Amino acid sequence: MTDPLKLASEFPAADYASWRQLAESGLKGASFDKKLVTRMLDGFAMQPLYTNDDQDDATRLIHQILCAAVDAEDAASGWDIRQLHAHPDPKSVNAAILDDLENGATSVLLRLDAAARAGAGITSGDVGIDGIAIHCLADLDCALDDVYTNLATVALDAGAAAIPAAALLAARLEKDGQNSADADDDFASDAAPAFNIDPIGTLAATGSLPVSTDDAIKQAADIAADLIDRFPHATAITVNGAPFYNAGATDGQELACLLAGGVTYLRALTNTGMVIDQAAGAIAFNVAVGTDFFAGIAKLRALRLMWSRVLSASGVDDATITINAVSAEMALSKVDPWVNMLRTTVTSFAAGLGGADSVICLPYDHLIGLPDGFARRIARNTQLILQEESNVHRVIDPAGGSWFIENLTRELASNAWGRFQSLEARGGIIKALADGSLQKEISEIWQTRESRIATRRDPLTGVSEFPNITEAKVTCDTPDLATIRKEAKARQTGFKDVIGNSLDDLITAAKSGATIAQMYEALYGKAAGTTIDPLPTHRLSESFETLRDRADAHKASKGRFPQIFLANLGPVAKHTARAMFARNFFEAGGIEAITNNGFADASDAAKAFGESGARIAVICGSDPQYADMAADVAKALKQAGATRIYLAGHPGDARADYEAAGIDDFIFIGADVLAICETALSHLGVK
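The model shown is predicted, which means the values in this text are computed figures rather than measured ones.

## Description of the overall build of the chain
Helices and strands together make up the secondary structure of the chain, namely 29 helices and 17 strands. Over its C-alpha atoms the chain spans a radius of gyration of 29 Å, differing by no more than 12% from the 26 Å that the globule rule assigns to 687 residues. When its C-alpha atoms are laid out on the principal axes, the chain stretches across 90 × 80 × 50 Å. In the chain, buried positions account for 53% of the 687 residues. Of the contacts made within the chain by residues no fewer than 6 positions apart, 76% connect residues no fewer than 24 positions apart. In the structure as shown, the chain presents an accessible area of about 29400 Å², 51% of it carried by carbon and sulfur atoms. Charge-centre separation for the chain: the mean point of 59 positive side chains lies 8 Å from the mean point of 90 negative side chains.

## Focus on the environment of Glu-450
Note on placement: Glu-450 falls in helix α20 (residues 437-454). The exposure class assigned to Glu-450 is partly exposed, which follows from its relative accessible area of 30%. The spacing of Glu-450 and Gly-248 is 202 residues in sequence and 9.4 Å in space, taken between C-alpha atoms. Dropping the residues within four chain positions of it, Glu-450 is found in contact with Glu-542 and Ser-543.

## Observations concerning the pairing of strand β5 (residues 153-157)
Consecutive side chains along a regular strand alternate between the two faces of the sheet. Within β5, four of the five residues are buried, which leaves the element mostly enclosed by the surrounding structure. Here strand β4 (residues 107-111) runs beside β5; their pairing, made up of five bridges, is parallel. By the bridge assignment for β5, Val-108 is matched with Val-154.

## Some remarks on unusual backbone geometry
At Asp-130, a position not held by glycine, the phi torsion is positive, near 60°. Non-glycine residue Asp-336 carries a positive phi angle of around 45°. Structurally, Asp-336 is set in the loop between β10 (322-327) and α16 (340-354). Asp-336 gets classed as buried once you look at its relative accessible area, which sits at 15%.

## Let's talk about helix α23 (residues 516-524)
The set of residues buried in α23 consists of Ile-516, Ala-517, Met-519, Tyr-520, Leu-523 and Tyr-524. In a view along the axis of α23, the buried residues occupy a sector of 165°, so they form one face of it. Downstream of α23 by a residue or two, Gly-525 has a phi angle that is positive, lying close to 50°.

## What to know about the nonpolar core
If you look at the biggest cluster of nonpolar residues, it comprises 130 residues, and the most contacted ones within it are Leu-110, Phe-195, Ile-197, Phe-244 and Trp-307. Take this core: its biggest share by element is eleven residues, from helix α13 (residues 251-271). Ignoring any residue separated from it by four or fewer positions in sequence, one finds Trp-307 in contact with Leu-259, Gly-262, Val-263, Leu-266, Ile-283, Phe-285, Thr-320 and Ile-321. Membership of the second largest hydrophobic core comes to 65 residues, among which are Ala-242, Tyr-245, Phe-581 and Tyr-626.

## Re the pattern of salt bridges
Here the structure, examined in full by the defined rule, presents 38 salt bridges. A salt bridge links Asp-100 to Arg-376; its shortest N-O distance comes to 3.4 Å. With a gap of 276 residues between them, Asp-100 in helix α5 (residues 90-102) and Arg-376 in helix α17 (residues 373-388) connect regions that are remote in the sequence.

## Section: the state of the cysteines
Under the counting rule described, the total for this entry stands at zero disulfides. For Cys-677, which is in no disulfide, the shortest distance to another cysteine sulfur is to Cys-620 and amounts to 13 Å.

## With respect to the domain arrangement of the chain
Per the domain assignment, the segments making up the chain are domain 1 (59-476 + 525-531) and domain 2 (541-684). Taking only C-alpha atoms, the centre of domain 1 and the centre of domain 2 are 45 Å apart. Taken residue by residue, the interface counts 20 residues in domain 1 and 21 residues in domain 2. By the criterion of area lost to domain 2, the three top residues of domain 1 are Ala-454, Arg-456 and Ile-469, representing 36% of everything that side buries. Here domain 1 and domain 2 share one salt bridge between them. Residue Asp-552 pairs with Lys-473 through a salt bridge whose shortest N-O separation is 3.0 Å. Across the contact surface, domain 1 and domain 2 share four residue pairs in polar contact (both at pLDDT 80 or more). The class makeup of the residues in the side of domain 1 that touches domain 2 is ten nonpolar, six polar and four charged.

## Considering the sheet that holds strand β16 (residues 644-648)
As summarised here, the arrangement of the five strands in space is β14-β13-β15-β16-β17, forming an open sheet in which the pairing is parallel. Looking at strand neighbours, the two that pair on one side only are β14 (592-594) and β17 (665-667), the edges of this open sheet. Across the sheet, the mean angle separating the axes of adjacent strands is 30° when strand polarity is ignored. Relative to β17, β16 runs parallel, the two being bridged by three bridges.

## Section: the packing of aromatic side chains
Applying the stated criterion across every chain yields a total of 18 aromatic pairs. Taken together, a centroid distance of 5.2 Å and an interplanar angle of 65° make the contact between Phe-293 and Phe-294 edge-to-face. For Phe-293, a relative accessible area of 21% translates into the label partly exposed. On the basis of relative accessible area, Phe-294 is assigned to the partly exposed category, the value being 40%. In this arrangement the basic side chain of Arg-309 is found over the ring face of Trp-417, its NZ or CZ atom lying 4.2 Å from the centre.

What counts as what
Residues numbered from 1 in each chain as written. Predicted model: local features only at pLDDT ≥ 70, side-chain atom pairs only at ≥ 80, totals over all residues. Heavy atoms only, no water. Helix = DSSP H or I, 4+ residues; strand = E, 2+ residues; numbered from the N terminus. Rg over C-alpha atoms; globule rule 2.2 N^0.38 Å. Buried < 20%, exposed > 50% of the residue type's maximum accessible area, 1.4 Å probe, protein only. Contact = heavy atoms within 4.5 Å. Areas by Shrake-Rupley, 256 points an atom, 1.4 Å probe, with all protein chains shown as cover. Lys, Arg positive; Asp, Glu negative; His and termini not counted. Charge placed at Lys NZ, Arg CZ, Asp CG, Glu CD. Pairing = 2+ DSSP bridges. Arc of directions from axis to C-beta. Core = buried A, V, L, I, M, F, W, Y, C linked by side-chain atoms within 4.5 Å. Salt bridge = Lys/Arg side-chain N within 4 Å of Asp/Glu carboxyl O. Disulfide = S-S within 2.5 Å. Domains from an automatic or database assignment. Buried area = accessible area lost by both parts, 1.4 Å probe. Polar contact = N/O pair within 3.5 Å; in protein donor to acceptor, adjacent residues only side chain to side chain. Nonpolar A, V, L, I, M, F, W, Y, C, P; charged D, E, K, R; others polar. Axes fitted to C-alpha atoms, helices over the stretch in contact; angles between N-to-C directions. Phe/Tyr/Trp six-rings, centres within 6.5 Å; stacked < 30°, edge-to-face > 60°. Lys NZ or Arg CZ within 6 Å of the ring centre and 35° of its normal.

Printed below as a string of structure tokens:
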């Protein structure tokens, strides 16, 4: 039967060759490869257009493999909307958790404070810093009061104290089971906590472990095996890629680290006697998703593809994988934080399309302080809208079949697999961290990222592009740490019994009032720990924010921002493009631009400059105006007291003439914004 509907039948057939010819003619002699081919940081190139001819047998199998690794029923119900909680007060956390769960969130992540994560006691100065003051079961009970832990997944972020924290959560879950309406065994079989024990991620992020790495991994595996026996639906081990990505790693580097960590834990779990299928199910992967939308989708697909290959080679029939995706902190900014709403929408959408099982959408003010109810509501509603309005979760592997996405997935998986093999050949991820080679590789990529950010090759909206230096600052809640610490001390029972180091012993001690610090001491005592150079935490906006902080401090002390005068030439129509460019350029560094409607001659520009009180100026106009006026305007500005003069635009062959007239530097597309603004601030005496 022939198709009666022939769309676009009146147009000639399209093919790649004809498209390429049209594209090259539109480039007017510019290089096709330089203008349209994208070089990824991982080293491979992505073409501007893909067709079915670009698919090979391996690429066509990707969608089929990924579909086989997904439970259709789980996919139809949507991913888990997980909310991060880090307020120091357990009572405030409880109120926030109940509000989140009543309004769309389906699970929670509890980040313990810095003291608990390091195994320190309640007298530590880090109590209540960078997390919840949870140090004993009473603290956890306070945070989880009225929370149905068999329905809502509770996940932990406890650093080096992951095992003591897991004992606290296990004790709480067992108490919930005993207090449930029917008090039978259904509670334990329904609960699906995420204990998130991860010595590799802790070592990478903090640079230390309380014992040797071999002992830490063996102990993690032993405890994980016991946890899975108690809670069959739990994930006990997590492989956290966020420390690597937030240090500057590429998607391929993060994937390689995830795979290397996963294989390390898989070996350790099977060494405890766990069957391979059960061991694989005990592991979850935490992936940081940046704002490159398509790369985010491809990264999660590539991880599922590669882990499926590992499990298949290990004899596992069920190649499912548990992935938690989180907005990458590296992609967020402190300045103009409202733009973070757009960034986290991109990260959450990419995570959902990529097949994440749970997604953490960080609040827009995450980097500034403790989010309020509005910030948390926006974070969870971002995901609710994606699910309920867009229905992106109702299709298994929705990106499958896109020639571009399939090729990007293949290239990324191939690149990451090669990096994974290299890590294994060098002795594994632990050895690569210990000898510093992995940190060095990631540092080199970060330097490349910094260069691209500085020259705005990778623009940051609200930071390096379209900055608003006069925007009101976002303020966050300032908790009363003295009261929180006093109440935390009051909840402790003064437990003094001897604690064993098995999971049963730890849970029994936790139920009797033992603190994380006491369990930590029982587990590790005076053992010789492990110390390496930790991975730094970077953000793409950090260098610009350093300049903005300097400018803000200057304004606080002097009453105004450091300023630059725009010497606009001629009518608005002739100078506005470069005047706007110059304003954005310098305000990205916190330097306020004094603008005007333009000047007919050099004397008018010099007079206005003198009246402005500014010390530096930038000449803005068109190329023909520069040829006629730039030299005279520069000389007049110098005579009026300008100590530094810029010209907006590339000087080309006229550089020497402009410099002879008194122009000190030039701003143009591709110039180093950071370096130029740093020089300008220093010239203005901004400390």
